[in-house]
2 protein chains.
Amino acid sequence: MAPDGNGGRAQKSVADEVLNKLKDILGPKGWSQDADTLAPLLVDTRGYYHGACALLARPETTEQVAAIMKVCHEAGVPVVPQGGNTSRVGSATPDESGGTILLSLARMNTVREVDPVDYTMTVEAGCVLKDLQDAAEAKDRLFPLSLGAEGSCMIGGNIASNAGGINVLRYGNTRDLVLGLEVVLPNGEIWNGLRRLRKDNTGYDLKQWFIGSEGTLGIVTAAVLKLFPLPKERATALCAIRDLDACLDLLARARAASGDALSSFELLAGITLDFAYQHVDSAKRAMEGSYDWNVLFEFSGLEPGHRMNDALETMLEKAFEDGVVIDAVIAQSEQQRADIWFLREAVVEAQAAEGASIKHDVSVPVSKVPEFINRSNEALHDFMEGIRPYPFGHVGDGNIHYNVTQPAGMDADAYMAAAPEIHDIVHGITADLNGSISAEHGIGQLKREELKRYKTKLELDLMRQLKSMLDPQGLMNPGKVLDI
Amino acid sequence: MAPDGNGGRAQKSVADEVLNKLKDILGPKGWSQDADTLAPLLVDTRGYYHGACALLARPETTEQVAAIMKVCHEAGVPVVPQGGNTSRVGSATPDESGGTILLSLARMNTVREVDPVDYTMTVEAGCVLKDLQDAAEAKDRLFPLSLGAEGSCMIGGNIASNAGGINVLRYGNTRDLVLGLEVVLPNGEIWNGLRRLRKDNTGYDLKQWFIGSEGTLGIVTAAVLKLFPLPKERATALCAIRDLDACLDLLARARAASGDALSSFELLAGITLDFAYQHVDSAKRAMEGSYDWNVLFEFSGLEPGHRMNDALETMLEKAFEDGVVIDAVIAQSEQQRADIWFLREAVVEAQAAEGASIKHDVSVPVSKVPEFINRSNEALHDFMEGIRPYPFGHVGDGNIHYNVTQPAGMDADAYMAAAPEIHDIVHGITADLNGSISAEHGIGQLKREELKRYKTKLELDLMRQLKSMLDPQGLMNPGKVLDI
């Protein structure tokens, strides 16, 4: 299934002398070579890639990470860093050679400080995202990064992949939430950039190099993150809209009516809700009818009360009068809010029940979303009869998970064989609209070859130059993002 | 007066053959060697640095910039890019050798597009900041970057210096406002990164390298900027607070009461308002009394009406009851609002009337602002009798313009001779609090030597490596930020 795996590489091994040095650094609890322990860490979350490693290193401190990197740097041994292993693009799976050290950050999971006055939090890379949300909330603050894998993904991986999620519209991507970083470089040097400043113009902003670099330039070991006031009221609605174009109209209305406190704005094509109701037991029907285009959105207010709810109701009434919205439900309780948000997750889960799915994580300028979806749908229907486009996602950021389900009854393998052509169609339209072929998931292994087609030679050259500058031996997460 | 000027460098010249090539590229209107035309461009805004150049290039297109850079790259001629020439650290002033091309972006001042649906604006580097604010407002959108020099500074320079200003608290630094960049590299290649995407995780984020690099890595020629909904109501207050610590309490109250729509939060020490009233004719007294510590702050609401005003009033009443605020005035008209904001500018202007001033642009974690000011005041009073600390600025971001006025009646030159020791005291306390010695003004020439003391060797090495990678001959704005 791997679209461009690393299979076929020669088996490699790591000298016992090197492994023994690493084991000494890590201590008895800090490493494993046990097959059962390793197994779940050597396959990616989508099951595309199956890797191998010579040793699982589980360091407990930044100094241990640095010592490991020094040994590997001297011995020329590649290292693959891993957080919660939830990459959608195979970023954290080693190749099959077995000549790699898999370095898990999972034991470095201390929240070093939550400072409600500074609105900052200093955390280690192995902290699970959900735990950080909770740690902030305990101090009446919000850490806004939120995404499907939040129960298992780790902040180091979120930073390395510049994760997006459902609150980007208001709070930005992970890049926007990072004030400071601690990074172990490929040669084992520790860069301590754990500053918690809102403004710092003392030279080049080194932390930007590492955010979104998918572990190919160094290992993020700790970070200072921005916090925000904790919302005290959330007003949530699911509504059906007149047509796809109406989503832009509704977005502008929602942004204005909320006082720019619109935190999420998610598009759900009719087919995605239909599948969710059909295939996910706990998915509760929110509106009686079925509609082609639906939007799930939320206002977050900082005062307790129902001001946001009132604003949302007033806005929807007007949008209904104007024919922009044709049906709607507003959450009347925390339970109903959870039920509506569960639909967003159910839409993801439901895909599998209808067969094979070819996935895209694209972005275009927000104003081009309807054009992107309309053109892609049309081109795909021309390409294959019965094909079922399944678009949903963060339309407020121009980011669509444009997945494509196989025709009913078709053989899944036969369908997947068409993946390259389907990628070409969808990514071609994306590129034509000056969009991105990876809005929030990154490149990893999955899109590495495709990246070469959509970046200019200059861009690839500049990326390679930075990689070679920091990691001349190509030992940091090799074969991810770039083919070095 | 130049703390570390480039005087004493040998005179250099640029070969006529090279100059003629450049003149051909630029056409008759595109260059000058006229002394009167050049004079104002060869001195920085603070009068610290006086430079020279072989030619002023005024290209009209990105292609011309690229062609100039190619010629200079081949001939080994250094280039200093310049926008509105408002740098506070001598970033845009060439050295005195005369062997440099001064490249002004002033003629590249087209607003290519304002897109209210995408909330983006595509602009050329030579656009004056104020013109961009106006262009956005004409489409009912806000471009929030706002600073003292906005009537003359240019967006290319704002980007190159990652400018801050009075709205960072809500909208971020310039870095946070840039979605895409077009950059001419030192070798004359054009990187077209003019994407207008909210999410794009396709490899390393190249634009981050250039933002805040002060023209040492390439020349920003155009950018895609983020816009926001235009505020429809602004509630503005100047108030006196109990003591310096109370500013943190008031900040938290203001953030919560406004629904995080607090756009500015500026501290004004009593001495700064006193000087403003005394020395600036059009500065109108806002409160009857004189108080040691004052805060100017503003809520920005998206709905017309007085909701923000009501929220501000309620918040201030409670803060008054609780003894946090001891006097206050809320702007009752647009005129009164302008008068209050004028005080913020008058405070800057008034300094000169009281003699020489030694300036600092530091940031510390927000919670450390009172400690920073108290410790610095105390240390300076110990150092020199009668010295007059003059702190003001963006306390909501932890950024204080901690200027220090000479003792009344002292000889200005004698006072300025103590600048190195005074910098040591203030920057030493800043560093001790994990702060930054340049929060928003950058490094330029002024702080280049000092930077070496406050960055680690590793940080300086990494910066030098990137510089050498992109500009191996050291021709881009040489001697700025780094001594290469």
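The model shown is predicted, which means the values in this text are computed figures rather than measured ones.

Participant: Explain the overall build of chain A here, please?
Facilitator: The helix and strand inventory of chain A stands at 17 helices and 19 strands. Radius of gyration (C-alpha) of chain A: 23 Å, near the 23 Å computed for a compact globule of 484 residues. With the principal axes as the frame, chain A shows a C-alpha extent of 75 × 55 × 45 Å. Burial analysis of chain A (484 residues in total) assigns 63% to the buried set. Counting 46 positive and 68 negative side-chain charges, chain A places the centres of these two groups 6 Å from one another.

Participant: For this particular structure, what's the right way to read the pattern of salt bridges?
Facilitator: Any two side chains of opposite charge can pair, so long as their charged atoms come close to each other. All names here are of chain B. Per the stated rule, a full pass over the model turns up 69 salt bridges over all chains. Close ionic contact of Glu298 with Arg337 constitutes a salt bridge, the shortest N to O distance being 2.8 Å. Remark: Arg337 occurs in helix 12 (residues 334–350) and Glu298 occurs in strand 14 (residues 293–301); sequence separation between them is 39 residues. For the pair shown, Glu298 and Arg337 are each scored as buried. Each member of the salt-bridge network shares a partner with another, and the members are Arg448, Glu449, Lys452, Lys457, Asp461, Arg464 and Asp483.

Participant: What's the story with the domain arrangement of chain A in this structure? I'm lost.
Facilitator: Quite often, the size of an interface is put as the accessible area lost when its parts meet. Residues and elements named next belong to chain A. Segmenting chain A into domains produces domain 1 (16–104), domain 2 (111–229), domain 3 (233–350) and domain 4 (355–433). Averaged C-alpha coordinates put domain 3 and domain 4 at centres separated by 23 Å. Regarding the contact of domain 3 and domain 4, the summed buried area is about 1400 Å², with carbon and sulfur atoms giving 72% of it. For the domain 3 face of the interface with domain 4, the top three residues by lost area are Leu244, Leu248 and Leu267, together amounting to 31%. Between the two partners, domain 3 and domain 4, sit zero salt bridges. In this assembly, domain 3 and domain 4 are joined by six residue pairs in polar contact (both at pLDDT 80 or more). For the side of domain 3 that touches domain 4, the elements supplying multiple residues, two or more each, are helix 9 (246–257), strand 13 (262–269), helix 10 (270–279) and helix 12 (334–350). The class makeup of the residues in the side of domain 3 that touches domain 4 is 14 nonpolar, one polar and three charged.

Participant: What is the right way to read the interface of chain A and chain B from this model?
Facilitator: Contact residues are listed per partner, giving 79 residues for chain A and 79 residues for chain B. Carbon and sulfur atoms make up 56% of the surface buried where chain A meets chain B, a total of about 6400 Å² over both sides. Broken down residue by residue, the surface that chain A buries against chain B is led by Lys199(A), Asn201(A) and Tyr204(A), which jointly contribute 16%. Across the chain A-chain B interface, the total number found is 10 salt bridges. The residue Glu303(A) makes a salt bridge to Arg307(B) at a minimum N-O spacing of 3.8 Å. For the side of chain A that touches chain B, the secondary structure elements donating two or more residues are helix 6 (168–171), helix 7 (174–177), strand 9 (190–193), helix 8 (207–210), strand 11 (228–229), helix 9 and helix 17 (457–470) of chain A. Considering every element that reaches the side of chain A that touches chain B, the biggest residue donor is helix 17 of chain A, with nine residues. Its residues assigned to classes, the side of chain A that touches chain B comprises 32 nonpolar, 24 polar and 23 charged.

Participant: Can you help me understand the sheet that holds strand 1 (residues 31–32) of chain A in this one?
Facilitator: Picture the strands of a sheet paired through backbone hydrogen bonds; they go either parallel or antiparallel. Residues and elements named next belong to chain A. Judged by pairing direction, the sheet is mixed, and its four strands sit side by side in the order 1-2-4-3 without closing on themselves. A strand with exactly one partner marks an edge of an open sheet, and here the two such strands are strand 1 and strand 3 (79–82). The sheet contact formed by strand 3 and strand 4 (residues 101–104) spans four bridges and is parallel. Residue pairing across strands places Val79 opposite Ile101, the latter belonging to strand 4. Along the sheet, helix 1 (residues 16–26) makes contact with strand 1, strand 2 (55–57) and strand 4, crossing strand 2 at roughly 25 degrees.

Participant: Mind showing me how you'd approach the relation of the copies chain A and chain B here?
Facilitator: Both copies of the chain are tied together by a single rotation about an axis and a shift running along it. The operation relating chain A to chain B is a screw motion whose rotation component is 180 degrees, with 0.0 Å of axial translation and a residual RMSD of 0.0 Å. The symmetry that links the two subunits is that of a two-fold axis. In terms of proximity to the rotation axis, the leading residue of chain A is Gln208(A), whose C-alpha is 3.2 Å off the axis. Taken together, the interface assignments show that 100% of the residues at the interface of chain A recur at the interface of chain B, consistent with an identical surface on both copies.

Participant: In this structure, what is going on with the pairing of strand 5 (residues 111–115) of chain B? I would like to understand it.
Facilitator: Side chains on a regular strand alternate between the two faces of the sheet. Residues and elements named next belong to chain B. Where strand 5 lies against strand 6 (residues 120–124), four bridges are found, and the strand directions are antiparallel. Residue pairing for strand 6: Val111 is matched across the bridge by Val123. Where strand 5 hands over to strand 6, the hairpin turn is made up of four residues, of which Tyr119 adopts a positive phi near 55 degrees.

Participant: What should I look at first to understand the nonpolar core in this one?
Facilitator: Side chains of a nonpolar character, in soluble globular proteins, are inclined to be buried together. Phe143(A) and Phe143(B) are the most contacted members of the largest nonpolar core, which has 93 residues in total. Those residues in contact with Phe143(B) that lie beyond four places of it in its chain are Met121(B), Leu129(B), Leu132(B), Gln133(B), Ala136(B), Ile155(B), Leu177(B), Leu225(B), Lys226(B) and Leu227(B). If you look at the next biggest cluster of nonpolar residues, it comprises 53 residues, including Ala254(B), Phe372(B), Met384(B) and Ile429(B).

Participant: I would appreciate a short explanation of the packing of helix 1 (residues 16–26) of chain B against helix 3 (residues 62–75) of chain B in the present structure.
Facilitator: All names here are of chain B. It is at 10 Å that the axes of helix 1 and helix 3 come closest, and there the two elements cross at 170 degrees. It follows that helix 1 is roughly antiparallel to helix 3 by the angle criterion. Residue-level inspection shows Val18, Lys21, Leu22, Ile25 and Leu26 of helix 1 in contact with helix 3, the latter providing Gln64, Ala67, Ile68, Val71, Cys72 and Ala75. Here the contact of helix 1 with helix 3 is built from residues that sort into nine nonpolar, one polar and one charged.

Participant: Help me out: how do you make sense of helix 13 (residues 369–383) of chain A in this one?
Facilitator: Spacing of three or four residues puts side chains on the same side of an α-helix, whose turn is 3.6 residues. All names here are of chain A. Its 15 residues place the ends of helix 13 21 Å apart at the C-alpha level, agreeing with the 21 Å of an ideal helix rising 1.5 Å per residue. Along helix 13, the residues that are buried comprise Val369, Pro370, Phe372, Ile373, Ser376, Asn377 and Leu380. Down the axis of helix 13, the sector holding all buried residues measures 160 degrees, keeping them to one side. Of the exposed residues in helix 13, those oriented more than 90 degrees away from the buried face are Glu378 and Asp382.

Participant: Before we go on, may I ask you to explain the sheet that holds strand 8 (residues 178–184) of chain B in this structure?
Facilitator: All names here are of chain B. With antiparallel pairing, five strands are arranged side by side in an open sheet as 5-6-10-8-9. The open sheet has two free edges, formed respectively by strand 5 and strand 9 (190–193), since each of these has just one partner strand. Direction aside, neighbouring strands of the sheet carry axes that sit 10 degrees apart on average. Relative to strand 10 (residues 219–226), strand 8 runs antiparallel, the two sharing six bridges. Across the sheet, residue Gly180 finds its bridge partner in strand 10, namely Val224.

Participant: Any chance you could explain a negative patch on the surface here in plain terms?
Facilitator: A grouping of Asp310(A), Glu313(A), Glu317(A) and Glu321(A) is seen on the molecular surface, where their side chains present a negatively charged patch. Position of Glu317(A) among the secondary structure elements: in helix 11 (residues 307–321).

Participant: It is not clear to me how unusual backbone geometry should be interpreted in this structure. Could you clarify?
Facilitator: Leaving glycine aside, a negative phi is the common case for residues, and trans is the common case for peptide bonds. Here the phi dihedral of Asn85(A) falls at roughly 55 degrees; this positive angle occurs in a residue that is not glycine. The class for Asn85(A) is buried, based on a relative accessible area of 12%.

Here is what the cut-offs are and how they apply
Residues numbered from 1 in each chain as written. Chains lettered and ligands numbered in written order. Predicted model: local features only at pLDDT ≥ 70, side-chain atom pairs only at ≥ 80, totals over all residues. Heavy atoms only, no water. Helix = DSSP H or I, 4+ residues; strand = E, 2+ residues; numbered from the N terminus. Rg over C-alpha atoms; globule rule 2.2 N^0.38 Å. Buried < 20%, exposed > 50% of the residue type's maximum accessible area, 1.4 Å probe, protein only. Lys, Arg positive; Asp, Glu negative; His and termini not counted. Charge placed at Lys NZ, Arg CZ, Asp CG, Glu CD. Salt bridge = Lys/Arg side-chain N within 4 Å of Asp/Glu carboxyl O. Domains from an automatic or database assignment. Buried area = accessible area lost by both parts, 1.4 Å probe. Polar contact = N/O pair within 3.5 Å; in protein donor to acceptor, adjacent residues only side chain to side chain. Nonpolar A, V, L, I, M, F, W, Y, C, P; charged D, E, K, R; others polar. Contact = heavy atoms within 4.5 Å. Pairing = 2+ DSSP bridges. Axes fitted to C-alpha atoms, helices over the stretch in contact; angles between N-to-C directions. Least-squares fit on C-alpha atoms with pLDDT ≥ 70 in both. Core = buried A, V, L, I, M, F, W, Y, C linked by side-chain atoms within 4.5 Å. Parallel < 35°, antiparallel > 145°, perpendicular 65-115°, else oblique. Expected span 1.5 Å × (residues − 1). Arc of directions from axis to C-beta. Patch = residues over 30% accessible without salt bridge, like charges linked within 9 Å, V, L, I, M, F, W, Y side chains within 5 Å. Areas by Shrake-Rupley, 256 points an atom, 1.4 Å probe, with all protein chains shown as cover.

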